[in-house]
Amino acid sequence: MIQRKEFDQELEELRTLLREMGEHVGTALDGAIESLQTLDVDKAQVIIKNDANLNALEDKIMELGSKLIITQQPVAKDLRRIIVAFKISSDLERMGDLALDVAKVTLRMEGQELIKPLVDIPRMAEIVKVMIDESIESFLKENTDLAYKMAQTDDQVDQLYSHMISDLYTFMTDQPNRASQAMLLMMVGRYIERIGDHATNIGESTVYLVTGKRPDLNQ
């Protein structure tokens, strides 16, 4: 009983670390989008600097999970919980890298003015941030309904991304001299769309945890 109690406590610590990673990614994405909207280079630099904190959280998860596997030798669903925690932390770390990439676009646009007010990009980011929160929640509560919702929400992101690409291509045709910034904004849209894909991956991991089978929610 004592051994099981210790195991459950350390599993809860894993969950807490994953929640912290999710919050960090959401904050980084918010900051990166805000830096882009205002072309605030200082804010972008802060996002880049803080990325090390996310990497440190991933390292803690790997260390704690490895310790649990070695010392507790979990089986069945307990082992899946740890394996899934590893996979989710990897997805979250990649999300953080993509938020970092958005901030780096702000640096590349230093001294410029936006070719047009940003509409689709902030909207995509809002939806993706909800996906981040709900994907983590699906894992913490082992809620497959919430996990499957990721696929539907990701479709909204993809639609906005397609609209944004079409809009920017039209802009590039009309104003080819400003095509370079339009292409950078397309890259930002792609980064955000990829964050949504990683949130959907977390949904897949939740379904795998509960059922033992991994669905393809990124079709």
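Residues numbered from 1 in each chain as written. Predicted model: local features only at pLDDT ≥ 70, side-chain atom pairs only at ≥ 80, totals over all residues. Heavy atoms only, no water.

## Considering the overall build of the chain
Right, so step 1: Scanning the chain from N- to C-terminus turns up 6 helices and 0 strands.
Right, so step 2: Ordered by position from N to C terminus, the α and β elements of the chain give α-α-α-α-α-α.
Right, so step 3: Dimensions of the chain, computed from C-alpha atoms along their principal axes, come out at roughly 70 × 35 × 20 Å.
Right, so step 4: Every one of the 219 residues in the chain was classed for burial, and the buried ones make up 52%. (Helix = DSSP H or I, 4+ residues; strand = E, 2+ residues; numbered from the N terminus. Buried < 20%, exposed > 50% of the residue type's maximum accessible area, 1.4 Å probe, protein only.)

## Notes on the pattern of salt bridges
It is possible for side chains bearing opposite charge to pair when their charged atoms get close.
Right, so step 1: In the structure shown here, the tally under the stated rule is 16 salt bridges.
Right, so step 2: Across the pair R19 and E137 runs a salt bridge, and its minimum N-O distance is 3.6 Å. Of this pair, R19 sits in helix α1 (residues 2–38) while E137 is found in helix α4 (residues 120–141), placing the two residues 118 residues apart along the sequence.
Right, so step 3: Look at R19 and you get partly exposed, because its relative accessible area is 39%.
Right, so step 4: Put simply, R94 and D97 hold a salt bridge, and the shortest N to O gap is 3.8 Å. Placement of the pair is R94 and D97 together in helix α3 (residues 76–108), with a separation of 3 residues, close to one helical turn. (Salt bridge = Lys/Arg side-chain N within 4 Å of Asp/Glu carboxyl O.)

## Observations concerning the packing of aromatic side chains
Right, so step 1: Applying the stated criterion across every chain yields a total of 0 aromatic pairs.
Right, so step 2: Over the ring of Y208 we find R80, and its NZ or CZ is 5.8 Å from the ring centre. (Phe/Tyr/Trp six-rings, centres within 6.5 Å; stacked < 30°, edge-to-face > 60°. Lys NZ or Arg CZ within 6 Å of the ring centre and 35° of its normal.)

## Observations regarding unusual backbone geometry
Negative phi characterises most residues that are not glycine, and trans characterises most peptide bonds.
Right, so step 1: Unusually for a residue other than glycine, A76 sits at a positive phi of about 50 degrees.
Right, so step 2: The exposed category is assigned to A76, whose relative accessible area is 57%.
Right, so step 3: At E142, a position not held by glycine, the phi torsion is positive, near 50 degrees.
Right, so step 4: Structurally, E142 can be placed in the loop between α4 and α5 (144–174).
Right, so step 5: Owing to a relative accessible area of 23%, E142 belongs among the partly exposed residues under this scheme.

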